[in-house]
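Commentary on secondary and tertiary structure
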Amino acid sequence: MEREIRTRFAPSPTGHLHIGNARTAILNWLFARHGGGSFLVRIEDTDQERSTAASEEMILEDLRWLGLEWDEGPGVEGPFGPYRQSERQELYARHIAGLLENGRVYPCYCTAEELDLRRQERLERGESTNYDGRCRSLTHEQKQRHEREGRRPVIRFRSDETRDVAFTDLVRGDVLFPGSNIGDFVIARQNGIPMYNFCCVVDDHLMRITHVLRGDDHVSNTPRQVLLYEAFGWETPLFGHSPMILGNNRERLSKRHGATSVSQYREAGYLPQALVNFLSLLSWSSESGDEILPPDRLVSEFTVDRLSKSAAVFDTVKLTWMNGLYIRNLDANTLGGLLRPFLRSAPAADLSVERMETIARLLQERLETLADIDEKAAFLFADRPRPESDEAAAMLGEPDAQRVIRELLTISGNADSWHAERFPELMKQVQAATGVKGKMLWMPVRIALTGMMHGPDLASTFGFLGRDRCRLRLEAALAGP
RNA sequence: GUCCCCAUCGUCUAGCGGUUAGGACUCAGGAUUUUCAUUCCUGCAACAGGGGUUCGAUUCCCCUUGGGGAUGCCA
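Being a predicted model, the structure only gives us computed values, none of them experimental.

Rules behind the numbers
- Residues numbered from 1 in each chain as written.
- Chains lettered and ligands numbered in written order.
- Predicted model: local features only at pLDDT ≥ 70, side-chain atom pairs only at ≥ 80, totals over all residues.
- Heavy atoms only, no water.
- Domains from an automatic or database assignment.
- Contact = heavy atoms within 4.5 Å.
- Buried area = accessible area lost by both parts, 1.4 Å probe.
- Salt bridge = Lys/Arg side-chain N within 4 Å of Asp/Glu carboxyl O.
- Near = heavy atom within 4 Å.
- Polar contact = N/O pair within 3.5 Å; in protein donor to acceptor, adjacent residues only side chain to side chain.
- Helix = DSSP H or I, 4+ residues; strand = E, 2+ residues; numbered from the N terminus.
- Buried < 20%, exposed > 50% of the residue type's maximum accessible area, 1.4 Å probe, protein only.
- Pairing = 2+ DSSP bridges.
- Axes fitted to C-alpha atoms, helices over the stretch in contact; angles between N-to-C directions.
- Parallel < 35°, antiparallel > 145°, perpendicular 65-115°, else oblique.
- Nonpolar A, V, L, I, M, F, W, Y, C, P; charged D, E, K, R; others polar.
- Phe/Tyr/Trp six-rings, centres within 6.5 Å; stacked < 30°, edge-to-face > 60°.
- 1 Å grid on protein atoms, 1.4 Å probe; cavity = no way out; pocket = protein on both sides within 12 Å on 5 of 7 lines; lining within 4 Å.
- Points joined across faces, edges and corners; volume = space filled by probe spheres on them.

Overview of the domain arrangement of chain A
- Domain assignment breaks chain A into domain 1 (89–242), domain 2 (255–330), domain 3 (331–381) and domain 4 (382–481).
- On a C-alpha basis, the centres of domain 2 and domain 3 stand 24 Å from each other.
- With 14 residues of domain 2 at the interface, the matching set in domain 3 holds 13 residues.
- Counting each side, the surface lost to burial between domain 2 and domain 3 is near 940 Å², with a carbon and sulfur contribution of 65%.
- It is Ile 327, Arg 328 and Leu 330 in domain 2 that bury the most area against domain 3; as a group they hold 54% of the surface buried on that side.
- Along the contact surface separating domain 2 from domain 3 lie zero salt bridges.

Structure follows, in C-alpha cells:
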C-alpha cells in the first residue's frame, strides 16, 4: 500500500544555510510537492558544543526566503513533534534502553585517548581501523570497576562483521557494504546524548518519513542506519543520495570557494527563484530540456530518476547569468521594490515607489544582481557627472559638441514638457538648427547628461533627471571641465 | 591504509547499441540599436585510456588512470 510521501530536511544549526544543504532541502521539498506529500524540517541539534539558536533562526529564515515552506517543523507544530532533537531526549533514552536490554548495544568504557592510540597501532599494522571490541563482553564486575574509576561509558552498536549490508538507493541503485567495514559505531556519547545516526533513525521512523534524500556524504552512514532499523524491527525508508556540489577546483564546496551560504547570495542581490532554479539544475535536468524553470515547473517536472550520479561544479558565472535573466523578467514595479534596499547612493526623493519603478525600467536590462543597481544608478544622482575618461572629455570639448549642447539648452529652455517622450523631438530640432547628426549629435548630450559614453536609453534618462538636473548638467558641460 | 561512489565541450547537462554526439553558460564574430546593454543569428569546443561483448559501442562488462566521499564521543 502506498503511503503518503513524507520527506524531511534535517539541518544542524551550526552556521548559515550552506548552498549544498540548500540543494538537499530543495530536492526534498520538490519531491514532496511533486508527489503531493509533506515536507518537514527537523533541527538536528544534538551537538551541544556547536548548535546555536541563532543559527537555527538563520537557517529557517533562509529556507523561508527560498520559498521552501514546510508542513511540519519549527513553528509549524504537527502530530510528530517536537521537531528539535534537543527536545526529544526522553524518546531516545527509551529506545536506547530497549536496545541495551536485548543486547544490541553495549556500554564501552574506552577513553578517546585509548581509542586513538589503539586505532593508530592497528592502522600501522595494516588492520581495520574499526573499534577493536574490547568492551564488547564486559562482565558486571568489570563494568562496576570502570564506573568506580569514574569512567562514563559511550553506547556502541554491536555489529556483525560477517554480515554485509545492502540497500537500494533511489539514485545509485543497489549498494553493498561489507560487514567488515562497519564496526561497532557509537550511538550515544558519554554525556548520554545520542548521536546523529541514532537520532536520525528514531526520528525518521517516528515521523513516518518515507523518503530520505540527502547528500552523497551520507552513503556510508546508511548501512549503520539500516542496521539500527533492523535492530528495532522497523521498515527502512527509501534512501536517495544526491551527488555533491563541488567548487571550481573540484573539491567539495567550501568557504575557500567564495560565497557558500544562501544568505551571502541574498545579500549579494540574487533572487531566490533564480537560486532555486540554478541549484535544481545541479545533477538534475528536466525531461523537457528547458533550463529556465520557475518553482511551479520545477515541482511538476521533478523526478528522482532524472538525478545524475556525478558531482557538479558550482558555476557562479552561470548562476549570475540566470539571475540577470530573472531580473529582466520581473515587472518594473516589483523590481523597483526589490532594488530599493540596495540603492545606497540615492536621495530619499528618488526612492518613492514611482521613482524606483522608473529607475528599475531604466536599468533593468543591465543588472545581473540587485546589488549592481547602486553602481549602475550612481550617475543619476551625482551632482555633476564628470566625464568618465579623457576621451569623453575630449569629445565634449569639440566645437560641434558645444554647439549641440548650447542649442539643446536654448531649445529646451522654452520646453514645457521634460518627459522622455519629448526628447526625440527636441533632438530633432537641435539637429535641424546645428546641422550636426549621428554620433556627434548624440554623444555630447549623453556625456553631458551622464558623464559616460555608454549607458541606458537617453530619452528615459532625460525624463528621469528632469528639468533642473538636466539644465545644470548641460550648463556644466558648456563651462568646460 | 580500508570501504563506497563517479567519469560527454572549460563549466552545467541531453543521450539510455546504429545520432552530422544536441542544448545552456563562458568566449569569438555578426544583425538590430544615437552608445552601451538587451534580444536574435553564427562559430569555437567533449565521449579519460586500454581491453573485451556485439554486425556495430559515448552507451553493456573488466582493468588502469583521474576525481570525490567516508573512515568522529560532527551532522
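Looking at the protein's contact with RNA strand B
- If you check the shell around RNA strand B, you find 55 residues, and the closest are Thr 46, Ser 283, Glu 365, Arg 366 and His 454.
- Backbone atoms, meaning sugar and phosphate, form 73% of the atoms of RNA strand B found within 4 Å of the protein.
- Interatomic distance of 2.6 Å between a side-chain N/O atom of Arg 172 and a sugar or linking oxygen of RNA strand B.
- Taking Arg 446, its side chain carries an N or O atom lying 2.8 Å from a base nitrogen of RNA strand B.
- For the surface near RNA strand B, the elements supplying multiple residues, two or more each, are helix H4 (112–124), strand S6 (173–177), strand S11 (312–313), helix H11 (316–328) and helix H18 (439–450).

Looking at the pattern of salt bridges
- This structure, assessed with the given rule, holds 34 salt bridges.
- Of the charged contacts in the structure, one is a salt bridge between Arg 50 and Asp 47, with a shortest N-O distance of 3.0 Å.
- According to the relative accessible area criterion, Arg 50 is exposed, its value standing at 52%.
- You can call Asp 47 partly exposed: its relative accessible area is 22%.
- A salt bridge links Glu 87 to Arg 84, with the shortest nitrogen-to-oxygen separation between them at 2.8 Å.
- For Glu 87, a relative accessible area of 38% puts it in the partly exposed group.
- Arg 84 sits in the partly exposed class, given a relative accessible area of 23%.
- Connected via shared salt-bridge partners are Arg 8, Arg 42, Glu 44, Arg 88, Asp 203 and Asp 204.

Observations regarding the side chain of Arg 122
- Residue position: Arg 122 is located in helix H4.
- Leaving out residues up to four positions away in the same chain, Arg 122 has contacts with Glu 127, Ser 128, Asn 130 and Asp 132.

A look at helix H9 (residues 272–280)
- When you tally the buried positions in H9, you get eight out of nine residues, the bulk of the element.
- Listed in full, the buried residues belonging to H9 are Pro 272, Ala 274, Leu 275, Val 276, Asn 277, Phe 278, Leu 279 and Ser 280.
- Turning to H9, the residues buried within the fold contact helix H1 (19–34), helix H2 (53–66), helix H8 (262–267), helix H10 (295–301) and H11.

What to know about the pairing of strand S4 (residues 154–157)
- Covered by surrounding structure in S4 are Val 154 and Arg 156 together with Ile 155 and Phe 157, the residues of both alternating faces.
- Bridge analysis of strand S3 (residues 105–108) against S4 gives four bridges, and the strand direction is antiparallel. Paired with Cys 108 across the bridge in S4 is Val 154.
- As judged from the two bridges shared by S4 and strand S7 (residues 186–188), these two strands associate in the antiparallel manner. Pairing of Arg 156 across the sheet is with Val 186, part of S7.

Digging into the packing of H18 against helix H19 (residues 458–479)
- Between H18 and H19, the shortest axis-to-axis distance is 8 Å and the interhelical angle comes to 80°. The angle between the axes of H18 and H19 places the two elements in the roughly perpendicular class. The residues of H19 that touch H18, namely those facing Trp 442, Val 445, Arg 446, Ala 448, Leu 449 and Thr 450, are Leu 458, Thr 461, Phe 462, Leu 465, Cys 470, Arg 473, Leu 474 and Ala 477.
- Looking at the contact of H18 with H19 residue by residue, the classes come out as 10 nonpolar, two polar and two charged.

Things to note about the packing of aromatic side chains
- By the definition in use, this model includes 13 aromatic pairs.
- Measuring from ring centre to ring centre gives 6.0 Å for Phe 167 and Phe 239, while their planes differ by 70°; the resulting arrangement is edge-to-face. Of this pair, Phe 167 sits in strand S5 (residues 165–169) while Phe 239 sits in strand S9 (residues 238–242), placing them 72 residues apart in sequence.
- When its relative accessible area of 8% is taken as the criterion, Phe 167 is described as buried.

A look at empty space enclosed by the protein
- Overall, the coordinates contain one cavity of 30 Å³ or more when judged by the stated rule.
- There is about 50 Å³ of room inside the largest cavity.
- As for the largest cavity, its lining consists of Leu 115, Arg 118, Arg 119, Arg 122, Thr 129, Asn 130, Tyr 131 and Asp 132.
- Its residues assigned to classes, the lining of the largest cavity shows two nonpolar, two polar and four charged.

Considerations on helix H7 (residues 222–232)
- Taking burial as the measure, the 11 residues of H7 include 10 buried ones, the bulk of the element.
- Residues of H7 that are buried include every one of Thr 222, Pro 223, Arg 224, Gln 225, Val 226, Leu 227, Leu 228, Tyr 229, Ala 231 and Phe 232, and no others.
- Looking at the residues trailing H7, positive phi occurs at Gly 233, about 75°.

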